[in-house]
Amino acid sequence: MALQISKSLLVVLLILGQALSQSKRLPKLNAKPPARKQKSRPSVAAVEDAHQIAPPNGESAAPQARSVLVHSKPSGDMKLAFLSNTKVTCNDGTTAGYYIREQRNSKRWIVFLEGGWCCYNMETCEGRHKNSRRLTSSLEWPQTRKGTGILSAHVDENPHWWSANAVFVPYCSSDIWIGTLPKSRQAPYAFMGSLIIQEVIKDLIPKGIKHAKVLLLAGSSAGATGVLLNIDRVAALLAELEADALRVQGLADSGWFLIDTKRPRPPGCSAPFVCSPADALKKGLRMWNGILPEKCKRRFKPGEEWQCFLGQRLYPSLTTPVFVVQWLFDEEQLKLENVHLGSTGILENQRGYIQNLGRELKSSLRDIPAAFVPSCLAHTLVIKSYWTEIQVKGVPLPRALQCWGRSLQEAGQPPKPLPRGCPFRLIDSCLWPHCNPTCPALLDPAGDQES
């Protein structure tokens, strides 16, 4: 029997967490962030040196490095470039591409994979192409894109990675970045996500990535799952290209999903957030001619390989270090189970699911050495402009990433025990939504007001 509650009463379900966070609220998630005072920029070379010896007090550069100003201030925009291999395409056959902002003196690169769920049969793919054209075609992509969060070129918004070479790869393959199928008469849509990643890396070779020190392959949502599914393959490609000094690392933001295969679902349906996510992934894997990591596939019997989409199943087989960022109460995770907190009512068993989600997700991360897991109700973080403001146990995400990077620099793989005063495994201990006082403000869906 449905437990009918008003939208305002629904907020009461989270009242304890909201009361704790009332004094430290962030701006609305969809509001324009406040204007930031621009700080003086150290030179790229100075930042590269300072990054290696960053002190444990959270500063991103040595004081003497901060006093060196850059005379040519970049705009921060990334410019569109299409793949040299024009046979590697978006769903509709248009050439795939990427946005890039180069820092000639930097030895660090970040390549970011966009997210956006997937399509897995003709009905869902046709609907996606009709209603979300930018996720299936490159025809309407703008010539430039502003970098935000960890892709920002501004030191106040991005204290440790602002000086890196930044690449944003738009998601136009609808295949969670694993497809290898070209468009043809028999296949009206191409699914080439895995090949797009490979071609982007190859196109970056003439731009200097082969001689870099660090490549951070990052992504949010489906892009985060794409990171987990492709990170070892990218590392292998760069090894083949003799990038001997390059260390590959991964950053997976909001792509660590749990799927309840025992929950009954309506048969023969196509709605992505009503039907079984497992069935959608099985269908998609066949439709996309998808390739999964071999080490993970060998762990499952035929027909069950789809479980390699799940972080807790895939992670143990990875050889490349990955930092996991995950909200304990991910909005898209709730949608996968048909739980919509903005609706007028929820079922009693759905309320139980919400209460258990944090506990189960926390358990799934118990063996992950590098993680940032706030107990908040949200989805994606690392390219949000407020990403520096979210904290777990008093530590912001940029600082945790910096500490993790230092541990890899000092000890190689796997990460060494936590350096004193520099933690990078940070998981909230409270287990109800928004009990973390730095969580983003919730919005009342009835009036777009903070609740």
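Everything numeric in this text was worked out from a predicted model, so none of it was measured. (Residues numbered from 1 in each chain as written. Predicted model: local features only at pLDDT ≥ 70, side-chain atom pairs only at ≥ 80, totals over all residues. Heavy atoms only, no water.)

**Some points on the overall build of the protein chain**
- Counting its secondary structure elements, the protein chain contains 13 helices and 18 strands.
- With the model as given, the accessible surface of the protein chain reaches about 19,700 Å², and the carbon-plus-sulfur share is 53%. (Helix = DSSP H or I, 4+ residues; strand = E, 2+ residues; numbered from the N terminus. Areas by Shrake-Rupley, 256 points an atom, 1.4 Å probe, with all protein chains shown as cover.)

**Overview of the environment of Lys87**
- Along the chain, the position of Lys87 falls in the loop between β2 (77-82) and β3 (97-101).
- The exposure class of Lys87 is exposed, given its relative accessible area of 69%.
- Along the chain, Lys87 and Ile196 lie 109 residues apart, while their C-alpha atoms are 10.0 Å from each other. (Buried < 20%, exposed > 50% of the residue type's maximum accessible area, 1.4 Å probe, protein only.)

**Describing the side chain of Asp203**
- One can find Asp203 in helix α6 (residues 193-204).
- At 7.9 Å, Lys207 is the nearest oppositely charged side chain to Asp203, a buried residue that forms no salt bridge.
- Ignoring any residue separated from it by four or fewer positions in sequence, one finds Asp203 in contact with Phe82, Leu83, Ser84 and Tyr98. (Lys, Arg positive; Asp, Glu negative; His and termini not counted. Salt bridge = Lys/Arg side-chain N within 4 Å of Asp/Glu carboxyl O. Contact = heavy atoms within 4.5 Å.)

**Observations concerning the state of the cysteines**
- Inspection of the entire model under this criterion finds six disulfides.
- The disulfide partner of Cys90 is Cys172, and the gap between their sulfur atoms is 2.2 Å. In this structure, the disulfide formed by Cys90 and Cys172 twists by about -75 degrees around the S-S bond and is classed as left-handed. Here the residue Cys90 occupies a position in the loop between β2 and β3, and Cys172 occupies one in the loop between β6 (165-169) and α6, the gap between them amounting to 82 residues. Take Cys90 and Cys172: they sit in the same class, and that class is buried.
- A disulfide bridge connects Cys376 with Cys439, and the sulfur atoms are separated by 1.9 Å. Residues Cys376 and Cys439 share a disulfide whose torsion about the S-S bond is about -85 degrees; that sign makes it left-handed. With Cys376 in the loop between β12 (371-373) and β13 (377-378) and Cys439 in the loop between β16 (425-427) and β17 (443-444), this residue pair connects regions lying 63 residues apart in the sequence.
- Owing to a relative accessible area of 0%, Cys376 belongs among the buried residues under this scheme.
- By relative accessible area, Cys439 is classed as buried at 1%.
- Not part of a disulfide, Cys118 finds its nearest cysteine sulfur in Cys119, a span of 6.8 Å. (Disulfide = S-S within 2.5 Å.)

**Considerations on the sheet that holds strand β8 (residues 247-253)**
- Judged by pairing direction, the sheet is mixed, and its ten strands sit side by side in the order β5-β2-β3-β6-β4-β7-β8-β9-β12-β16 without closing on themselves. The outermost strands of the open sheet, each flanked by one partner alone, are β5 (144-146) and β16. Each strand axis lies, on average, 20 degrees off the axis of its neighbour in the sheet, ignoring direction.
- With six bridges connecting them, strand β4 (residues 108-113) and strand β7 (residues 214-220) associate as parallel partners. Within the sheet, the bridge partner assigned to Ile110 lies in β7 and is Leu216.
- Along the sheet face, helix α7 (residues 222-240) touches β4, β7, β8 and β9 (322-325) and points at about 155 degrees away from the line of β7. (Pairing = 2+ DSSP bridges. Axes fitted to C-alpha atoms, helices over the stretch in contact; angles between N-to-C directions.)

**Considerations on the packing of aromatic side chains**
- In the structure shown here, the tally under the stated rule is seven aromatic pairs.
- With a centroid separation of 6.5 Å and an interplanar angle of 5 degrees, the aromatic rings of Phe82 and Trp141 are classed as stacked. On the criterion of sequence distance, the pair formed by Phe82 in strand β2 and Trp141 in the loop between α5 (122-131) and β5 is long-range, its members being 59 residues apart.
- Seen from their ring centres, Phe323 and Trp404 are 5.5 Å apart, and the 65 degrees between their planes marks the pair as edge-to-face. Of this pair, Phe323 sits in strand β9 while Trp404 sits in helix α13 (residues 397-411), placing them 81 residues apart in sequence. When sorted by exposure, Phe323 lands in the same class as Trp404, which is buried.
- In this structure, Arg108 packs its charged tip against the face of Trp161, placed 4.5 Å from the ring centre.
- Sitting over the face of the ring of Phe168, Arg145 holds its NZ or CZ atom 3.8 Å from the ring centroid. (Phe/Tyr/Trp six-rings, centres within 6.5 Å; stacked < 30°, edge-to-face > 60°. Lys NZ or Arg CZ within 6 Å of the ring centre and 35° of its normal.)

**As for the nonpolar core**
- Residues Ile150, Leu215, Phe309, Phe323 and Phe372 are the most contacted members of the largest nonpolar core, which totals 122 residues.
- The greatest single-element share of this core, amounting to nine residues, is contributed by α7.
- Those residues within four positions of Phe309 in sequence are excluded, and the remaining contacts are Ile176, Ile178, Thr225, Leu229, Leu281, Leu285, Trp288 and Leu292. (Core = buried A, V, L, I, M, F, W, Y, C linked by side-chain atoms within 4.5 Å.)

**Here's the deal with the pattern of salt bridges**
- Inspection of every chain in the model, using the stated rule, returns six salt bridges.
- Put simply, Glu199 and Lys202 hold a salt bridge, and the shortest N to O gap is 3.5 Å. Taken together, the residues Glu199 and Lys202, both in helix α6 and three residues apart, mark about one turn of the helix.
- One salt-bridge network, held together by shared partners, links Glu102, Arg104 and Lys207.

**Topic: helix α8 (residues 277-287)**
- When we look at burial in α8, the residues that qualify are Pro277, Ala278, Ala280, Leu281, Gly284 and Leu285. Axial view of α8: buried residues confined to an arc of 155 degrees, hence all on one face.
- The elements touched by buried residues of α8 are α11 (331-336).
- Following α8 by one or two positions, Asn289 has its phi on the positive side, about 55 degrees. (Arc of directions from axis to C-beta.)

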